[in-house]
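For reference, the chains in residue letters:
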Amino acid sequence: MHETIAQAQRGNRMLMIQGTASSAGKSTIVAGLCRLAKRAGLRVSPFKPQNMSLNSVVATGGGEMSRAQAWQAFAAGVDPHTDMNPILLKPNSSIGSQVIIQGRVACTLDARSYQQYKPIAMRAALDSFRRIRAASDIVFIEGAGSPAEVNLRHADIANMGFAEAVDCPVVLVADIDRGGMFAQVIGTLECLSERERARIAGVLINRFRGDLSLLKPGIDWLEAKTRKPVFGVIPYLHGLWLDQEDDLPAERSTRAAAGKAFMVVVPALPHLSNHTDFEPLRAHPQVDFRYVRAVDPAPAADLIILPGSKNVHADLLWLRQNGWDTYLLRHLRYGGKVIGICGGMQMLGRELRDPHTIESSASIERGLNLLNFITTLQPEKRLANVSGKLLLDQASVCGYEIHMGKTHGPALQRPAIRLEHSSEDDDAMPCYDGAISADNQIFATYLHGLFDAPAACCALLEWAGLKNAQCFDHDHRRQASIDQLADVMAKNINLNALWSAVQR
């Protein structure tokens, strides 16, 4: 976009990207547009009024926000701030979510109660947007799910409700790879009011495979039928490494011949959070990484990682129901290694106590009893960006803490990480984090982003048994992926037409 944008007058432009369905590619499109605007020298910011996701980070300056808006900020070349994602919903049951407003926990509500809470949430979203817009030359806003949810329209704050509140033009993204793209676009427009349809400036077709000339008659028909221009057709991009917003990513093929790759296994907990912790392992050329779901038998592994969880009580029960307690004991008996991260660390202890019934009506839940400590859940959530060194070999590590528990016990006398810095409370930050078992087979930590630093990832893989582990820079690959995305978008989108929509 950079030649087109550079010619435009600076100052408070905005465009909202909505989708015909969840996972149509909205987050990716916004990231690409942010990178293109950054290349043009503009002050650009992503924004998403409401996001439902269990993948979150601690923003610069504190507060919790969605991982998706954080990596969009990375694409824009700016620090992530909670104003970019003022409302974050973190599901902790099939009907309820923790509600985070401007980075801090406000309450926990079921779906019906949240509908009544939406006017409060909308005021917070508009408040954050005013600040973001004032500090930016252009803002790319991401919708959530689909604007065609007619049962939720009366209180919508995520799609057309927000677009109308700030008077923002909208581009509709449709995923052609799933099939039915023409019906998706037509059906979405039919579900909108006349005023909402008028707000749609045009359509982007995403994830196209094949000969574009064969699609051309369909595009002509769609433009004639809807009287909306198709701004571009973005091809299916293979090999992009961009953080997933919600669902567990699709499995990658194994890295080596059967029996030769280093196997890392993670149980796919029902309330698994921050699965982006494992992207460096999924991308690592020497690692065969697998999520194991309830219906799948757990394979023989070199390393088992218990991940973060938004409901540790419920996920502990799930582990036992699916035989993971027995599987872990057998794995350790034969010399395997185990890592527990955040909620996964809490599960490894003797007990999980919940005196305030934050997650469960049971005040005490028996842990896996693999490390001698007890965790007590607290109403106040700890949020901090931290850095330090692994006590395995002094490799530097950096990441963030997001948890509601305090852990105490003898096992912590053999810590896993020496912490050097906290962005939130340097004075209150303990000097050490986590625990390493006396037999050196279990490593537990509250630190998310454990594998992001290449040296730390390499050290942990070697500790787990991988000989001559390669230092793999996942951040470099992510940066290259965003640049590749932006290059492809620049070639396949009519940026003059798109920019005209922004200036409307």
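Residues numbered from 1 in each chain as written. Predicted model: local features only at pLDDT ≥ 70, side-chain atom pairs only at ≥ 80, totals over all residues. Heavy atoms only, no water.

Caption draft 1: Representation of helix 13 (residues 454–464) within the structure. Of all 11 residues making up helix 13, eight are buried, and the element is well covered by its neighbours. Listed as buried for helix 13 are Ala456, Cys457, Cys458, Ala459, Leu460, Leu461, Trp463 and Ala464. With its phi angle positive at about 120°, Gly465 sits one or two positions after the end of helix 13. (Buried < 20%, exposed > 50% of the residue type's maximum accessible area, 1.4 Å probe, protein only. Helix = DSSP H or I, 4+ residues; strand = E, 2+ residues; numbered from the N terminus.)

Caption draft 2: Fine view of the sheet that holds strand 12 (residues 230–235). The six strands lie next to each other as 2-9-1-10-11-12, forming an open sheet whose pairing is parallel. Because the sheet does not close on itself, it has two edges, and the strands there are strand 2 (44–47) and strand 12. Each adjacent strand pair in this sheet contributes to an overall mean axis angle of 20°, direction not counted. Here strand 10 (residues 170–175) pairs with strand 11 (residues 200–208) via six bridges, running parallel. When the bridges of strand 11 are listed, Asp175 appears paired with Asn206. (Pairing = 2+ DSSP bridges. Axes fitted to C-alpha atoms, helices over the stretch in contact; angles between N-to-C directions.)

Caption draft 3: Geometry of the pattern of salt bridges. Within this structure, the stated rule accounts for 23 salt bridges. Among the salt bridges present, the one from Arg131 reaches Asp83, with a minimum N-O distance of 2.7 Å. With Arg131 in helix 4 (residues 111–134) and Asp83 in the loop between helix 3 (67–76) and strand 6 (87–91), this pair connects stretches of sequence that are 48 residues apart. Residue Arg130 pairs with Asp127 through a salt bridge whose shortest N-O separation is 3.9 Å. (Salt bridge = Lys/Arg side-chain N within 4 Å of Asp/Glu carboxyl O.)

Caption draft 4: Seen up close, the sheet that holds strand 25 (residues 435–436). Taken together, the six strands give an open sheet; going across it, the order is 15-13-16-18-26-25, and neighbouring strands pair in mixed fashion. Single-partner strands in this sheet number two, and they are strand 15 (287–292) and strand 25. In terms of strand pairing, strand 13 (residues 262–267) meets strand 15 through six bridges, oriented parallel. What sits directly across from Val266, in strand 15, is Tyr291. The strands that helix 11 (residues 324–333) touches are strand 13, strand 15, strand 16 (303–306), strand 18 (337–341) and strand 26 (442–445); relative to strand 16, the one it contacts most, it runs at about 140°. Contacts from helix 13 reach strand 13, strand 15, strand 16, strand 18 and strand 26 within the one sheet, and its direction differs from that of strand 18 by about 140°. (Contact = heavy atoms within 4.5 Å.)

Caption draft 5: Spotlight on the packing of helix 3 against helix 14 (residues 474–492). For the pair helix 3 and helix 14, interaxial distance at closest approach is 10 Å and the crossing angle is 75°. As summarised for this structure, helix 3 and helix 14 are arranged roughly perpendicular, according to the angle between their axes. Contacts between helix 3 and helix 14 involve Arg67, Trp71, Phe74 and Ala75 from the first element and Arg478, Gln479 and Ile482 from the second. Residue classes in the contact of helix 3 with helix 14 are distributed as four nonpolar, one polar and two charged. (Parallel < 35°, antiparallel > 145°, perpendicular 65-115°, else oblique. Nonpolar A, V, L, I, M, F, W, Y, C, P; charged D, E, K, R; others polar.)

Caption draft 6: Expanded view of the nonpolar core. Residues Ile305, Ile339, Leu390, Phe443, Leu450 and Phe451 are the most contacted members of the largest nonpolar core, which totals 69 residues. If you tally residues by element for this core, the top one is helix 13, at eight residues. Not counting residues within four places of it along the chain, the set of residues in contact with Phe451 comprises Asp277, Phe278, Pro280, Leu281, Ile305, Ile339, Ile341, Cys457 and Leu460. The next biggest cluster of nonpolar side chains, apart from the first, holds 52 residues, and it includes Leu89, Ala174, Leu192 and Phe208. (Core = buried A, V, L, I, M, F, W, Y, C linked by side-chain atoms within 4.5 Å.)

Caption draft 7: Up close: the packing of helix 2 (residues 26–39) against helix 14. Between helix 2 and helix 14, the least distance of the axes is 9 Å, while the angle of their chain directions is 85°. In terms of axis orientation, helix 2 runs roughly perpendicular to helix 14. Side by side, helix 2 and helix 14 meet where Thr28, Ile29, Ala31, Gly32, Leu33, Arg35, Leu36 and Arg39 of the first sit next to Gln479, Ile482, Asp483, Leu485, Ala486, Asp487, Met489 and Ala490 of the second. Tallied by class, residues from the contact of helix 2 with helix 14 come to nine nonpolar, three polar and four charged.

Caption draft 8: Region of the structure containing the environment of Ala301. Structurally, the position occupied by Ala301 is in the loop between strand 15 and strand 16. For Ala301, a relative accessible area of 18% gives the class buried. Along the sequence, Ala301 and Lys337 sit 36 residues apart, while their C-alpha atoms lie 8.9 Å from each other. Beyond its immediate chain neighbours, meaning those up to four positions away, Ala301 contacts Met263, Val265, Tyr327 and His331.

Caption draft 9: Inspection of helix 11 at higher detail. Taken residue by residue, helix 11 has Trp324, Tyr327, Leu328, His331 and Leu332 as its buried positions. Projected down its long axis, helix 11 carries its buried residues within an arc of 130°, all on one side. Contacts made by the buried residues of helix 11 are with strand 13, strand 15, strand 16, helix 10 (312–321), strand 18 and strand 26. Backbone geometry just after helix 11 places Gly335 at a positive phi near 90°. (Arc of directions from axis to C-beta.)

Caption draft 10: Here's a closer look at the packing of aromatic side chains. In this structure the tally under the stated criterion is 10 aromatic pairs. An aromatic cluster of at least three residues, connected via ring pairs, comprises Phe47, Phe129 and Phe162. Sitting over the ring of Tyr236, Arg209 keeps its end group 3.6 Å from the ring centre. For Lys337, the ring lying beneath its charged end belongs to Trp463, and the centroid distance is 4.5 Å. (Phe/Tyr/Trp six-rings, centres within 6.5 Å; stacked < 30°, edge-to-face > 60°. Lys NZ or Arg CZ within 6 Å of the ring centre and 35° of its normal.)

Caption draft 11: Broad picture of the environment of Val338. Summarising the element assignment, Val338 is placed in strand 18. Taking the C-alpha atoms as reference, Val338 lies 6.3 Å from Gln441; in sequence the two are 103 residues apart. Excluding anything up to four places from it in sequence, Val338 contacts Leu303, Ile304, Leu328, His331, Leu332, Leu348, Gln441, Ile442, Phe443 and Trp463.

Caption draft 12: How the structure looks around the pairing of strand 6. For strand 6, a buried count of four out of five residues is recorded, marking the element as mostly surrounded by other parts of the structure. Taken together, the three bridges between strand 3 (residues 50–52) and strand 6 define a ladder with parallel strand orientation. Considered in strand 6, the bridge of Asn51 is made with Leu88. By the bridge criterion, five bridges tie strand 6 to strand 7 (residues 96–101) in an arrangement that is antiparallel. By the bridge assignment for strand 7, Ile87 is matched with Ile101. The loop that links strand 6 with its antiparallel partner strand 7 comprises four residues.

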